[in-house]
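# Tertiary structure, described
Spelled out from the first residue to the last, the chains are:
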Amino acid sequence: MLYFILCKIRRITIETFLIIFNFFMKKIPHYSRFVFLALLIIVFSIKPIHSQNSDYSPWWIYYHGDYAQTEGKKNPRVKWAYRVFERLKEVADKPEGAIPMLYIVNTTQGNYAMALPDGGIIINPETLRICYEGVPRDYGDSRLAFILGHELAHLANKDYGLYEVYRLIETYGDQKTQRDFKRHFKFSAENLGLSGSSGDKEFLADKNGCLYASMAGYNIKILNREKDNFFYYWAKQAHLDVSSSKNRRPSIKKRVEFLRTQLSAIGRHMELFRAGVLLYQIGSYQDAAAAFKQFSLVYPSSEVFNNLGACYLSQALDLIRIRYNAYYYEFRFSIPIDYSSSANDFSSRGDNQYLKDKEIVRYIDKSLEYFKLAVARDPIRGQCRYNLSIALILKAEYAASMAISDEILKRRPKDVLALNNKAIAFYYYGQKEGLDVSQKIISTLEDALKIDSSKVEILYNLGSIKEARKRNSGARFYWEKYLKHPLTPRDNFYTYIYRKLYEKLPPMMVRQNRIPQPPSWVHPGDSFGQVVKNAGKNKQEMFTLGASQDGNGDNWSIQLQVMVKDSVRVLALGDTVELIEHQLNPIEEIAQIGKIYGIPPHIIRSSDGNFYLYKDRGFSIREKNGKVCSFIWFERGF
């Protein structure tokens, strides 16, 4: 009976309790206050059956009901909300000691959105209505992504209002009550996560919520347009004055202005990401890594970490080619970077002699570090997982590499690149364990080739496996198909196989005379300052790149300068123009490229377009959806 009464007392609203509490604290003698305080703490710490206090998710479900399991069972918005939340959860910073969980409580009393100390994110059907009503689903998803991202940011920063008691004692209690409460029960602004300005916390949550939603693939820019601004719409639905600042919280108007500033800053820094991609495709891996690192400080996404890992992995493979040439040509991998996304083919292995080389191991370890960060922030796309599996093979961690490929294959059983990487890891795992697994690998690669015959690395690797089993006729069969395939680049792998089969160098390619011409007002090697002076009014950005954070003894910095005039992007390191890109409306079919410019010596593949490199002639072509979308010029290889 006493338990029942105490539970009933506990359900009195905290605001009412604190008014009564403050009254009695003034009336009773000072020496009795601690006894009174202790009694109240006991009362308010008792947990009724099936319930906890309102700082924890079960309390909300117990008192309001689980909308997703009752009235919302057939509401498609509930499923959409959980899908949005799962994508956000993968890219968001993780709170210590709590697993983020989404709960939709069954009440329409206002639009809820709050983070709780146990990791719960609480919303209600009214929140879903405001996000999805009257707009396309993708727009509604973006709205909800920002709201949930905002609350996940509060959760990660531990700036939820842990125990509303503290805030209300600040409001209703006199100074002595506040002092006694803090001193004797060890509550403080710091350990409650309430230190700092509420305004700062809201601005930070807005910024990180925006980042999380964007990194999860949602279009945040459309929420913050001059017309149809979602934040003003939200304020209207919640009956808030957009210009007022209450309870030390910033006004909606100030938050909208702040978000526009943040989005503008990210847009400006996108030039760093683009520069990194362009530098990577011409093999300037150190400069590309420096650009990606600088960009990651503003936008720490899966794409940028994947590209950073690809830079370090490519440096490791370059050193393996130079120092351990015999091991380089055993198999071919794909190293995808994000343009959005683009891929580079390399290969290596051998008997692990290169793992005694400290510089190579350092690059491999760096690539693993960044690929793991990329995987942690992207549960869906395969690019960073392909790369992680390759880096693990180079590190001789074959079982771990196969496990990563298996993750991809669970989602996409016919993923050819994952099958390729798994087969190679399995081959080396078999060698290490003394198992003959080559026939199983051959079957796997042949099945992969039936799925997608355009992946020429499968042909290359089938020839290598056949040769390893002393099936030389089978090896010749696949390698000849590799040499004749129209998508095989005429690179050093091509030369290696041609010499192996025919004991001579391949015939010189017929060199086309046609070279796309850069704009007349800029060329690689020009002074950037002079180009800017001659070009007139244009958009310019400048960033400082460096490698001080590499921890390898290098300490360098250089100015990356970017100028955009119309559809031309000029990129300079220091005062020297290194690269020019002319973006085009998609023009010629890429199938005509070989006829017009000759077969490209190197191709960097991508899910969002490929780079066709003519390094010896100083230009490359980027295609998307089968059409040429830009020409790129740089100093030709010496």
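Fair warning: this is a prediction, and the values are worked out from it, not measured in the lab. (Residues numbered from 1 in each chain as written. Predicted model: local features only at pLDDT ≥ 70, side-chain atom pairs only at ≥ 80, totals over all residues. Heavy atoms only, no water.)

### Here's the deal with the packing of helix α7 (residues 137-157) against helix α11 (residues 230-237)
The condition is simple: What counts as an axis is a line fitted to C-alpha atoms, over the stretch in contact for a helix, and the angles between N-to-C directions run from 0 to 180 degrees. Only runs of H or I of at least four residues qualify as helices and only runs of E of at least two qualify as strands under DSSP, and these elements are numbered from the N terminus. Roughly parallel here means an angle under 35 degrees, roughly antiparallel means over 145, roughly perpendicular means 65 to 115, and every remaining angle is called oblique. The criterion used for residue contact is that any of the two residues' heavy atoms lie within 4.5 Å. Residues are sorted three ways: Asp, Glu, Lys and Arg are charged, Ala, Val, Leu, Ile, Met, Phe, Trp, Tyr, Cys and Pro are nonpolar, and all the rest, Gly among them, are polar.
Interaxial distance between α7 and α11 falls to 12 Å at its minimum, and their mutual angle equals 75 degrees. With respect to each other, α7 and α11 are oriented roughly perpendicular. The residues of α11 that touch α7, namely those facing R143, F146 and I147, are F230, F231, Y233 and W234. When the residues that make up the contact of α7 with α11 are grouped by side-chain class, the tally is 6 nonpolar, no polar and 1 charged.

### Description of the nonpolar core
To keep things clear, this is the line we draw: What makes a nonpolar core is a set of buried Ala, Val, Leu, Ile, Met, Phe, Trp, Tyr and Cys residues whose side-chain atoms join them at distances within 4.5 Å. The rule is simple: take the accessible area with a 1.4 Å probe, protein chains only, and divide by the maximum for that residue type; under 20% is buried, over 50% is exposed, in between is partly exposed.
Counting residues in each nonpolar core, the largest one holds 103 residues, and the members touching the most others are L88, L148 and L560. For this core, the leading source of residues is helix α12 (residues 252-281), giving 12 residues. Not counting the four nearest positions on each side in its chain, L88 is found in contact with A145, L148, G149, L152, Y212, A213 and A216. If you look at the next biggest cluster of nonpolar residues, it comprises 39 residues, including L417, Y428, I441 and A475.

### Description of the pattern of salt bridges
Pairs may arise between side chains of opposite charge once their charged atoms sit close together. To keep things clear, this is the line we draw: The salt bridge criterion pairs a side-chain nitrogen of Lys or Arg with a carboxyl oxygen of Asp or Glu, the two atoms within 4 Å.
Under the definition given, this model contains 19 salt bridges. Note that K366 and E369 form a salt bridge whose closest N and O atoms lie 4.0 Å from each other. Of the two residues, K366 and E369 are both situated in helix α16 (residues 358-377); the distance of 3 residues between them amounts to about one turn of the helix. In this structure, E480 and R476 form a salt bridge, with 3.3 Å as the shortest nitrogen-oxygen distance. In this pair, E480 and R476 are both assigned in helix α22 (residues 472-484), 4 residues apart and thus about one turn of the helix distant. Looking at E480, the relative accessible area reads 23%, which means it is partly exposed. The exposure class assigned to R476 is partly exposed, which follows from its relative accessible area of 35%.

### Digging into unusual backbone geometry
Residue K470 is not a glycine yet carries a positive backbone phi of 65 degrees. For E503, which is not a glycine, the phi torsion comes out positive at approximately 55 degrees. Among the structural elements, E503 can be located in the loop between α23 (492-502) and α24 (528-535).

### Notes on helix α13 (residues 285-296)
Using the following cut-off: Given a helix with a known number of residues, its expected span is that number minus one, times 1.5 Å.
Along its 12 residues, α13 runs 16 Å from first to last C-alpha, staying within 8% of the 16 Å computed at 1.5 Å per residue. In terms of burial, α13 is largely enclosed, as 10 of its 12 residues are buried. Taken residue by residue, α13 has Y285, D287, A288, A289, A290, A291, F292, K293, F295 and S296 as its buried positions.

### Brief notes about α24
One turn of an α-helix holds 3.6 residues; hence residues three or four places apart share an orientation. The cut-off we apply is this: Directions from the helix axis toward the C-beta atoms define the arc.
Within α24 the residues assigned to the buried category are F528, V531, V532 and A535. Down the axis, α24 shows its buried residues gathered within 100 degrees of arc, on one side only. In α24, those exposed residues whose orientation departs by more than 90 degrees from the buried face are K533 and N534. On the buried face of α24, the contacting elements are β6 (539-546), β7 (557-565), β8 (568-573) and β9 (576-583). Looking one or two residues beyond α24, the residue adopting positive phi is G536, at roughly 80 degrees.

### With respect to the sheet that holds β6
Defined as follows: Strand pairing requires that DSSP identify at least two bridges connecting the strands.
Pairing is antiparallel across the open sheet formed by 8 strands, whose spatial order is β6-β7-β8-β9-β13-β12-β11-β10. Since the sheet does not close on itself, it has two edges, and those belong to β6 and β10 (602-604), each with one partner. The sheet shows a mean angle of 20 degrees between the axes of neighbouring strands, direction not considered. For strand β11 (residues 610-614) and strand β12 (residues 619-624), the ladder comprises 5 bridges, and the chain directions are antiparallel. Residue L613 lies in a different strand from β12, and its bridge partner there is S620. Strands β6 and β8 of the sheet are contacted by α13, whose axis makes an angle of about 105 degrees with β6.

### A word on the sheet that holds strand β2 (residues 113-115)
The sheet built from 3 strands is open, its strands ordered β1-β3-β2 with mixed pairing. Looking along the sheet, the strands with just one partner apiece sit at the ends: β1 (101-104) and β2. Taken pair by pair, the neighbouring strands of this sheet meet at an average axis angle of 20 degrees, ignoring direction. Strands β1 and β3 (120-123) of the sheet are contacted by helix α5 (residues 76-91), whose axis makes an angle of about 160 degrees with β1.

### Here we look at the environment of Y460
Relative to the elements of secondary structure, Y460 occurs in helix α21 (residues 456-468). Separated by 130 residues in the primary sequence, Y460 and E330 place their C-alpha atoms 9.1 Å from one another.

### What about the packing of aromatic side chains?
Threshold: Whether two aromatic rings pair depends on their centres lying within 6.5 Å, for rings of Phe, Tyr and Trp, where Trp uses its six-membered ring; planes under 30 degrees apart make the pair stacked, over 60 edge-to-face, and the rest tilted. Working rule: Lys NZ or Arg CZ, within 6 Å of ring centre, within 35 degrees of ring normal, means a charge sits over the ring.
One pass over the structure, following the stated rule, counts 26 aromatic pairs. Between Y614 and F619, the aromatic rings sit 4.6 Å apart at their centres with planes inclined by 10 degrees, giving stacked as the arrangement. A network of ring pairs unites the aromatic residues F146, F230, F231, Y233 and W234 as a single cluster. The ring of Y218 carries the charged tip of R87 above its face, separated from the ring centre by 4.3 Å. The aromatic ring of Y139 is capped on one face by R143, whose charged end is 4.6 Å from the ring centroid.

### Here we look at the packing of helix α14 (residues 302-323) against α16
Which entries qualify depends on this criterion: Crossing handedness is read from the near helix: turned anticlockwise from the far helix by less than a right angle, it gives a left-handed crossing, and turned clockwise, a right-handed one.
As a packed pair, α14 and α16 sit with axes 7 Å apart at the nearest point and diverge in direction by 160 degrees. In terms of orientation, α14 lies roughly antiparallel with respect to α16. Pair α14 / α16 crosses with left-handed handedness. Its residues assigned to classes, the contact of α14 with α16 shows 15 nonpolar, 5 polar and 4 charged.

### Quick look at the side chain of K293
As a reminder, the rule being used: For the purposes of these results, a polar contact is taken to be a pair of N or O atoms within 3.5 Å, where, inside protein, one atom must be able to donate a hydrogen and its partner to accept one; residues adjacent in sequence count only when each atom of the pair is a side-chain atom.
Within the element layout of this structure, K293 appears in helix α13. Separated by 2.8 Å, the side chains of K293 and Y312 make a polar contact.

### Remarks on the side chain of N124
Structurally, N124 is set in the loop between β3 and α6 (125-132). Polar side-chain contacts of N124 include one of 2.9 Å to the backbone oxygen of T107.

### Points about the confidence of the model for the protein chain
Here is the rule: pLDDT measures the predictor's confidence residue by residue and takes values from 0 up to 100.
In the predicted model, the protein chain carries a mean pLDDT of 78, and 75% of its residues have values of at least 70. Model confidence for the protein chain, summarised as mean pLDDT per element, is weakest for strand β5 (residues 342-346) at 23 and strongest for β9 at 94. This model gives residues 1-15 a pLDDT under 50, and the stretch forms 24 contacts once residues within four places in sequence are excluded. This model gives residues 340-350 a pLDDT under 50, and the stretch forms 72 contacts once residues within four places in sequence are excluded.

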